[in-house]
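# Descriptive analysis of the structure
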Amino acid sequence: MGKAKKRILHKTNSNLYMTRESAVCKVSEIIRKSISDESKTVPALITLFGLSAEELSEAGVPYENLAALSGIVQ
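Residues numbered from 1 in each chain as written. Predicted model: local features only at pLDDT ≥ 70, side-chain atom pairs only at ≥ 80, totals over all residues. Heavy atoms only, no water.

## A short note on the overall build of the chain
Let me state the cut-off plainly: For helices the rule is a DSSP run of H or I covering at least 4 residues; for strands it is a run of E covering at least 2, with both sets numbered from the N terminus onward. The Shrake-Rupley method, run with a 1.4 Å probe, gives the accessible areas here. Residue values count only the displayed protein chains as cover.
A count of helical and extended segments in the chain gives 5 helices and 0 strands. Moving toward the C terminus, one meets the helices and strands of the chain in the order α-α-α-α-α. Accessible area for the chain stands at about 5100 Å²; split by element, carbon and sulfur atoms hold 53% of it.

## A short note on the pattern of salt bridges
Worth spelling out the cut-off: A pair is scored as a salt bridge if a Lys or Arg side-chain nitrogen falls within 4 Å of a carboxyl oxygen belonging to Asp or Glu. Only protein chains enter the accessibility calculation, which uses a 1.4 Å probe; a residue is then buried when its area is under 20% of its type maximum, exposed when over 50%, and partly exposed in between.
Taken as a whole and assessed by the stated rule, the structure comprises 2 salt bridges. In this structure, E55 and R20 form a salt bridge, with 3.0 Å as the shortest nitrogen-oxygen distance. Linking E55 in helix α4 (residues 53-58) with R20 in helix α2 (residues 20-33), this pair joins segments that are 35 residues apart in sequence. Taking the shortest distance from any N to any O, the salt bridge between E29 and K33 comes out at 3.9 Å. Taken together, the positions of E29 and K33, both in helix α2 and 4 residues apart, correspond to about one turn of that helix. Assessed through its relative accessible area of 57%, K33 is described here as exposed.

## Structural notes on the nonpolar core
Keep this limit in mind: In plain words, nonpolar cores are sets of buried Ala, Val, Leu, Ile, Met, Phe, Trp, Tyr and Cys residues tied together by side-chain atoms within 4.5 Å.
Residues V27, V42, I46, L51 and L56 are the most contacted members of the largest nonpolar core, which totals 16 residues. Those elements giving two or more residues to this core turn out to be α2 and α3 (41-49). For this core, the leading source of residues is α2, giving 5 residues.

## Regarding α3
Using the following cut-off: As used here, the arc belongs to the directions running from the helix axis to the C-beta atoms.
Turning to α3, its buried residues number three or more, namely V42, L45, I46 and F49. The arc that holds the buried residues of α3, viewed along the axis, is 100 degrees, so those residues lie on one side. Looking at the residues trailing α3, positive phi occurs at G50, about 65 degrees.

What is shown is where atoms sit, not what they do.
Okay, here's the thing in structure tokens:
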């Protein structure tokens, strides 16, 4: 993770530290469980960490959801 991302995450909440692996897990959990309250965080996490479709599919995100996110996912 780059310096800017670390600064942004630590600036917003000092207790929050997210790795790339935890971001992939969080995105897949939100998508699989269809949590509507946190649906706005999915595009933010994908673009912040530059997650790929391959990473998300390995984490268990269905193909239909990946196709819906095709504009965001690399």
